[in-house]
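So the chains spell out like this:
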Amino acid sequence: MELREYGKLFLRRKWLIVFTVLSVLFSASVYCVVSPELYKSSITILVIPQTVPKDYVRSTVSLQVEQQLGTIKQQVTSRTTLTKVMDEFRLFEKERKQRTSEELFARMRKRIEIEVVHGQSRESSEAFSLSFLHESPKEAMHAAARLVSLFIEENLKTREHQAVGTSEFLESQLRGTKARLEVMEQRIKEYKIRYMGELPQQMEANLRMLTGLQDRLRTNETGTRTVEERKVFLEAQISLIGNSLSAASAGNGKSVPALSLDPVQSLWVELASTKAKLAELNARYTEMVPEVVRTKQEVADLEKRIAEARRSGAALAAGDANADPQVAAASLPGSDEIRRMKAQLKASVAEIASLKKEREEIRKSIASVERKIEQSPRREQEMISLIRDYENQKKSYDDLLTKKLEADVSQNLEKRQKGTQFQILDPANLPEEPFQPNRKKVMGVSLLLALVLGFGGAIAWEAMDLRLRDVRDWLHRRDIQSHH
C-alpha cells in the first residue's frame with residue numbers, strides 16, 4: 001500500500017482510532033484519579049567499620065553488607081518491627097477493620113524497599129538505603145525513620161547476641177576438650193608411675209646406673225679376694241704359732257706362749273694390702289701404667305723380705321734350742337697375740353660374708369636394671385601412642401582457647417559498641433511529589449499505547465475486511481484465487 005492509501009484507510013477507520021485512543025486515555029485518567037497517591041521517603045545508612053584495628057581485635061560477626069542484606073530485610077520486615085511501626089503511627093487504620101493482619105503485613109512489606117548503595121566499584125559496598133511508601137508524606141518520612149532506628153537497635157542486639165553465642169559455644173567446646181585432656185594427662189601420669197624406670201627418657205640414667213653397678217661389682221670381687229687372702233694368711237699364722245707352741249711345750253715340759261712372728265706378720269699384712277691395690281689397678285689400667293709397674297715392684301720387694309725374715313727366724317729358732325729355757329721363755333710373747341689374730345680372722349670372715357651379701361644385691365640390681373633397659377623400646381612405642389593423642393588433644397585445646405579469648409574480646413567489643421556500626425548518612429526526606437502514580441509517565445505511556453492500539457487496530461481491521469472498494473482490490477483478489 002502507498003502512503004495515500006494508508007491515509008484513506010485511516011480516514012475510513014477514523015472513528016475506530018478515535019474511540020480506541022479516547023478509551024485508553026480515559027482509562028489512564030481514571031487510574032490517575034482513582035489510584036491513591038503514595039509518597040516515597042528514603043533514608044541512607046552508612047556502614048562504619050569497627051574503630052579498633054582488625055589486627056588487634058577480630059570481630060566474630062560478618063561485615064559484608066551484601067551478605068547481610070537478607071538478614072537486614074528479615075530484621076526490618078519482621079512481624080515485631082512492623083507491628084511497632086503500625087501501632088506507633090496508626091498506619092492502615094481503615095484497612096485493619098477489613099483485612100487480616102497477615103494481609104496488612106504483606107501490604108506493608110511491599111511498600112518497604114531495601115537496596116545496597118554501591119560506590120565507584122561494585123565491590124565497595126559501604127551503605128544501603130531504606131524506602132517506605134505511604135499516602136501521607138509525613139507518615140512516610142516518620143515510618144522510614146522509625147524503621148531504621150528499630151533496625152539499628154535490633155542489629156546491635158543481634159550482633160551482641162551472636163558474639164555471646166559464639167563465646168558460649170566455644171566455652172562449651174573448651175570444657176569438653178579440657179575434660180578429655182585431663183583424662184589423657186591422668187592416663188600418662190598413671191603410666192609413668194606404673195612403669196617408672198622403664199621409660200625411654202630414663203634409658204641414659206639406667207645405662208649410667210648399670211655401669212656404676214658393674215664397677216661396684218668388680219670392686220666387691222676385688223675386695224672379697226683381698227679379704228680371703230688375709231683370712232688364709234691369718235689361718236696359716238695361727239696354725240704356725242700353734243705348732244711352734246706345741247714344740248716348745250714338748251721340749252721344756254711346760255706351757256709357753258706362741259712364737260713371736262710380729263715382723264713377718266706385718267710384712268704379710270702389707271703384702272696382702274699391696275696385692276689388693278695391684279688387683280684394683282689391673283682392673284682399671286694396663287700394665288704399662290707407671291703406678292701398676294711401681295706396685296708390682298713393691299709386691300716383689302715384700303715377697304723377698306718375707307723370705308729373708310723366714311730364714312732369719314729359722315736360724316734364730318735353731319740357735320735358741322741350746323739356750324736357757326728361762327731365757328727362751330722370756331723371749332716368747334704371751335697368748336694375747338693369738339687372741340688378737342683370731343679376732344682379726346673372725347672379722348675377716350664376717351667381712352667376707354658381708355661382701356658376698358652385697359655382691360648378691362648388686363647382681364640383683366644389675367638384673368633389674370637390665371630388665372628395665374630391655375623394656376625401654378616397648379615402653380617407648382606405648383609412650384609414642386599416648387603422647388601423640390595427648391599432643392593432638394593439647395593442640396585442639398590451645399586452638400579453642402585462643403579462639404575463646406578472641407571471642408571474649410569480640411564480645412566485649414560489641415558490648416562497648418566499638419564494632420561495625422550503622423550511621424544515618426542521609427536522613428529521611430519529606431517527599432513533595434507523589435512517587436505513585438507518576439501521572440506524567442502514565443499519561444505518556446497511555447498516549448503511546450493508545451496510538452499503537454488505534455492505528456494498529458485500524459490496519460488489522462482493514463486486513464480482515466473482504467469487501468472490494470476499487471480495481472486494485474479486485475486484481476489482488478484475482479491473483480490470490482489464481483494462485484490457489
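Refer to the structure presented above.
Definitions and cut-offs
Residues numbered from 1 in each chain as written. Predicted model: local features only at pLDDT ≥ 70, side-chain atom pairs only at ≥ 80, totals over all residues. Heavy atoms only, no water. Phe/Tyr/Trp six-rings, centres within 6.5 Å; stacked < 30°, edge-to-face > 60°. Helix = DSSP H or I, 4+ residues; strand = E, 2+ residues; numbered from the N terminus. Buried < 20%, exposed > 50% of the residue type's maximum accessible area, 1.4 Å probe, protein only. Core = buried A, V, L, I, M, F, W, Y, C linked by side-chain atoms within 4.5 Å. Salt bridge = Lys/Arg side-chain N within 4 Å of Asp/Glu carboxyl O. Patch = residues over 30% accessible without salt bridge, like charges linked within 9 Å, V, L, I, M, F, W, Y side chains within 5 Å. Areas by Shrake-Rupley, 256 points an atom, 1.4 Å probe, with all protein chains shown as cover. Arc of directions from axis to C-beta. Polar contact = N/O pair within 3.5 Å; in protein donor to acceptor, adjacent residues only side chain to side chain. Contact = heavy atoms within 4.5 Å.

Novice: I tried to follow the packing of aromatic side chains on my own but got confused; where do I start?
Specialist: Two descriptors summarise a pair of aromatic rings, namely the distance from one centre to the other and the angle between the planes of the rings. In this structure the tally under the stated criterion is two aromatic pairs. When the centroid spacing of 5.7 Å and the interplanar angle of 85° are considered together, the rings of phenylalanine 128 and phenylalanine 151 count as edge-to-face. A residue pair is termed long-range when its members are at least 10 positions apart, and phenylalanine 128 in strand S3 (residues 125-134) and phenylalanine 151 in helix H7 (residues 137-194) qualify at 23 residues. By the burial criterion, phenylalanine 128 is buried, and phenylalanine 151 matches it.

Novice: I keep staring at the nonpolar core and nothing clicks. Help me out?
Specialist: Across soluble globular proteins, nonpolar side chains have a tendency to be buried as a group. Among the nonpolar cores identified, the biggest contains 30 residues, and Leu91, Met108 and Phe132 are the most heavily contacted of them. Mapped by element, the contributors of at least two residues to this core are strand S1 (39-48), helix H3 (65-76), helix H4 (79-89), helix H6 (101-110), strand S2 (112-118), S3 and H7. Considering every element that reaches this core, the biggest residue donor is H7, with nine residues. Judged by nonpolar contacts, the second largest core, of 14 residues, contains Leu170, Ile188, Met383 and Tyr390.

Novice: Whenever I open this one, the environment of serine 101 confuses me. Can you help?
Specialist: Structurally, serine 101 can be placed in helix H6. Classification of serine 101 as partly exposed rests on a relative accessible area of 41%.

Novice: How should the pattern of salt bridges be read in this particular structure?
Specialist: Note on pairing: side chains with opposite charge can pair once their charged atoms come close. Within the structure shown, the criterion is met by 16 salt bridges. Salt-bridge contacts for glutamate 171 lead to lysine 404; the nearest nitrogen and oxygen are separated by 3.4 Å. Of this pair, glutamate 171 sits in helix H7 while lysine 404 sits in helix H12 (residues 336-415); the two residues are 233 residues apart in sequence, bridging distant segments of the chain. For lysine 404, a relative accessible area of 9% puts it in the buried group. One salt-bridge network, held together by shared partners, links Glu198, Arg378, Arg379 and Glu382.

Novice: Honestly, unusual backbone geometry in this entry has me stumped. Any pointers?
Specialist: Most peptide bonds take the trans form, and the phi angle of most residues other than glycine is negative. Here arginine 90, not a glycine, exhibits a phi torsion of approximately 55°, which is positive. Of note, phenylalanine 92 is a non-glycine position whose phi angle comes to about 55°, a positive value. Tracing the backbone through its elements, the reader meets phenylalanine 92 in the loop between H4 and helix H5 (93-98).

Novice: Looking at this model, I keep getting lost on a nonpolar patch on the surface. Mind explaining?
Specialist: Where nonpolar side chains cluster on the molecular surface, the patch consists of Phe26, Val30, Val33 and Val34 and spans about 430 Å² of accessible area. You can see phenylalanine 26 is positioned in helix H2 (residues 14-34).

Novice: For this particular structure, what's the right way to read H4?
Specialist: Residues separated by three or four positions in an α-helix point in the same direction, a consequence of the helix having 3.6 residues per turn. Three or more residues of H4 are buried, namely Thr81, Leu82, Val85, Met86 and Phe89. Down the axis of H4, the smallest arc covering the buried residues is 125°, so these residues share one side. The first or second residue beyond H4 is arginine 90, which carries a positive phi of 55°.

Novice: It is not clear to me how the side chain of histidine 134 should be interpreted in this structure. Could you clarify?
Specialist: Inspection of the secondary structure puts histidine 134 in strand S3. Residue classification places histidine 134 among the buried residues on the basis of a relative accessible area of 9%. Within the structure, histidine 134 has its side chain in polar contact with the backbone nitrogen of serine 136 (distance 3.1 Å). For histidine 134, the contacting residues outside a window of four places in its chain are Glu37, Leu38, Tyr39, Leu91, Arg111, Glu139 and Ala140.

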